[in-house]
Amino acid sequence: MKKKINSKNLVALFFVLFIVAGGALTLAMSPKQIMGGLVRGYLNSPKESNLFEKANASLREFDNRISEYFVFHDLSIHAYGGIQKAINRTLIDDIDKSSQVLKLNNGYLTFKDNSNDDLTQLSSYLIDLKKACDSTGSKLLYVNKVSKDTSDYNLLPQYYPYVYSSNLEDIKSILKSKNIPVLDIGEEIIKNDIDKYSLFFKTDHHWTPQAGIWVSQNICKEINKSYGWNLDTNTYNIDNYDVKTYPNSFLGSQGKRVGALYDGIDDFYVVCPSFNTNLTVEINDIGFNETGSFKETIIHEESITSNNLLNKDDTAYDAYMQGNHALVKIKNHNIKSGKRAVLVLDSYGCVVAPYLSLQFSELDCIDIRSFKDSVKDYIVESKPDILIYSIENHQ
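Draft legend 1. Main features of the packing of aromatic side chains. In total, this model carries 14 aromatic pairs according to the counting rule given. Note on Tyr227 and Trp229: the rings are 6.4 Å apart at their centroids and 45 degrees apart in plane angle, and the pair reads as tilted. We classify Tyr227 as partly exposed; its relative accessible area is 23%. Seen in terms of ring centroids, Tyr241 and Tyr355 are 5.9 Å apart; in terms of plane orientation they differ by 80 degrees. Their pairing is edge-to-face. Taken as a pair, Tyr241 in strand β8 (residues 241–250) and Tyr355 in helix α12 (residues 353–356) lie far apart in primary sequence, 114 residues in all. Each member of the pair, Tyr241 as well as Tyr355, carries the same accessibility label: buried.

What follows is the structure, given as structure tokens:
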């Protein structure tokens, strides 16, 4: 008995043929770049690698080159996502297993590989870091972020296993016993009855700018509570900001993996204070040093490219602080003798630091993923009033 070819199988077959033909054409048009990937992957693999590991590294680099130079790159990604949507796939495979995209029942995308948060080593590092803060009279606050993860079983597609775990609660008690205040953003979400996912873009793992304002407000509240300061949390009333919306202009880190047809496109927001601002922003690694308003120094709207959603080099999220940098220094000239702070951040901080700077005379932002010096040495040398640590990594 002959099996009938259904429409889903036919579409999948057509897509496979399209990819094969595109790959052959790409190889024909860019042979040196593609084949060079095989050689580079092999040569750049660790010296202790065996032959099998070197071969794997070579194939991975070859695949990266094929993806980079693929003649139908954007079209194929969008088409692939459209096909996955048509056949109701909720887990989208990726050659990079850490980048497999999972569609939750509320329509938001997340990465499948986010199973554990073990903060044990971080807590030890923070306890050690407090000694440096104590030596200079600096305060310390740890801010635990929230992420789009698989912690809510009710949002997981059917048959998908519950995988997320965290030892945050154990770590919080240890830090508090060492007089290190902890701001748990997840706890604030529950306390304020907020839908966690409303803080995120649907296709990206980052917070929205509006969420950045709310997080900044909570950081200031915790500092006031823990250290008796008087930071003006009313600054963060959303009515004090002008919101400009760019409709359908942002595909985030997860959306770029599955294309625009799978789960749609996010609107992007430029949120600027409606009150007077006067900042100097210095980013040495790109030679940027400008003084002006919040919009003139923090916002870079040229990064919002709705006609180039899959742009690898620039995303709409880079409209804030021009993306990630080892060190960004922000001076607020409207606060003459205020507090000085150091914020240790990752990419989530791109939409927090700008608003947090509105309450400090100086805010130095360190991304330790690319910062080559020691945070402890930086604290000892700069002697800030407070170190705000908001990243799971440590040096």
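Let us keep going from here.
Draft legend 2. Representation of empty space enclosed by the protein within the structure. All chains considered together, the criterion is met by four cavities of 30 Å³ or more. Estimated volume of the largest cavity: approximately 70 Å³. Around the largest cavity sit Val143, Lys145, Trp207, Val215, Ile219, Leu343, Leu345, Asp346, Tyr348, Gly349, Val352 and Ser390, which together line it. Considered class by class, the residues forming the lining of the largest cavity number eight nonpolar, two polar and two charged. Here the second largest cavity is characterised by a volume of approximately 50 Å³. Around the second largest cavity sit Met321, Gly323, Asn324, His325, Val328, Leu345, Asp346, Ser347, Cys350, Cys365 and Asp367, which together line it. Of the residues in the lining of the second largest cavity, the class split is five nonpolar, four polar and two charged.

Draft legend 3. The sheet that holds strand β3 (residues 109–111), seen in detail. Taken together, three strands build an open sheet; the order of strands is β1-β2-β3 and the sheet is antiparallel. Strand pairing shows two members of the sheet lacking a second neighbour, β1 (91–92) and β3, which therefore form its edges. With two bridges joining them, β1 and strand β2 (residues 101–103) adopt antiparallel strand pairing. Directly across from Ile92, in β2, lies its bridge partner Val101.

Draft legend 4. Inspection of unusual backbone geometry at higher detail. Even without glycine at this site, Asn248 takes up a positive phi of about 45 degrees. Within the secondary structure, Asn248 is located in strand β8. Residue Gln322 is not a glycine yet carries a positive backbone phi of 55 degrees. Inspection of the secondary structure assignment puts Gln322 in the loop between α11 (294–297) and β12 (327–332).

Draft legend 5. Main features of the packing of helix α5 (residues 120–136) against helix α13 (residues 375–382). It is at 8 Å that the axes of α5 and α13 come closest, and there the two elements cross at 15 degrees. Taken together, the axes of α5 and α13 are roughly parallel relative to one another. Relative to α13, the crossing made by α5 is right-handed. Between α5, through Tyr125, Asp128, Leu129, Ala132, Cys133, Ser135 and Thr136, and α13, the contact on the second element is made entirely by Val375, Lys376, Ile379 and Val380. A per-class count over the contact of α5 with α13 returns seven nonpolar, two polar and two charged.

Draft legend 6. Broad picture of helix α8 (residues 209–227). Compared with an ideal rise of 1.5 Å per residue, which puts 19 residues at 27 Å, α8 spans 27 Å between its outermost C-alpha atoms and is within 8% of the ideal. The element α8 is extensively covered by neighbouring structure, given that 14 of its 19 residues are classed as buried. Gly228 lies just past α8 and shows a positive phi near 70 degrees.

Draft legend 7. Region of interest: the pattern of salt bridges. Evaluation of the coordinates by the stated rule reveals 15 salt bridges. Residue Lys172 pairs with Asp184 through a salt bridge whose shortest N-O separation is 3.1 Å. With Lys172 in helix α6 (residues 168–177) and Asp184 in strand β7 (residues 182–184), this residue pair connects regions lying twelve residues apart in the sequence. For the pair Lys172 and Asp184, one class covers both residues: buried. Close ionic contact of Lys191 with Glu188 constitutes a salt bridge, the shortest N to O distance being 3.2 Å. With a gap of three residues between them, Lys191 and Glu188 both fall in helix α7 (residues 185–191), about one helical turn apart. Its relative accessible area of 11% is what places Glu188 among the buried residues.

Quick notes on the rules
Residues numbered from 1 in each chain as written. Predicted model: local features only at pLDDT ≥ 70, side-chain atom pairs only at ≥ 80, totals over all residues. Heavy atoms only, no water. Phe/Tyr/Trp six-rings, centres within 6.5 Å; stacked < 30°, edge-to-face > 60°. Buried < 20%, exposed > 50% of the residue type's maximum accessible area, 1.4 Å probe, protein only. Helix = DSSP H or I, 4+ residues; strand = E, 2+ residues; numbered from the N terminus. 1 Å grid on protein atoms, 1.4 Å probe; cavity = no way out; pocket = protein on both sides within 12 Å on 5 of 7 lines; lining within 4 Å. Points joined across faces, edges and corners; volume = space filled by probe spheres on them. Nonpolar A, V, L, I, M, F, W, Y, C, P; charged D, E, K, R; others polar. Pairing = 2+ DSSP bridges. Axes fitted to C-alpha atoms, helices over the stretch in contact; angles between N-to-C directions. Parallel < 35°, antiparallel > 145°, perpendicular 65-115°, else oblique. Left-handed = near helix turned anticlockwise from the far one by under 90°. Contact = heavy atoms within 4.5 Å. Expected span 1.5 Å × (residues − 1). Salt bridge = Lys/Arg side-chain N within 4 Å of Asp/Glu carboxyl O.

Function cannot be read off these values alone, since they describe shape.
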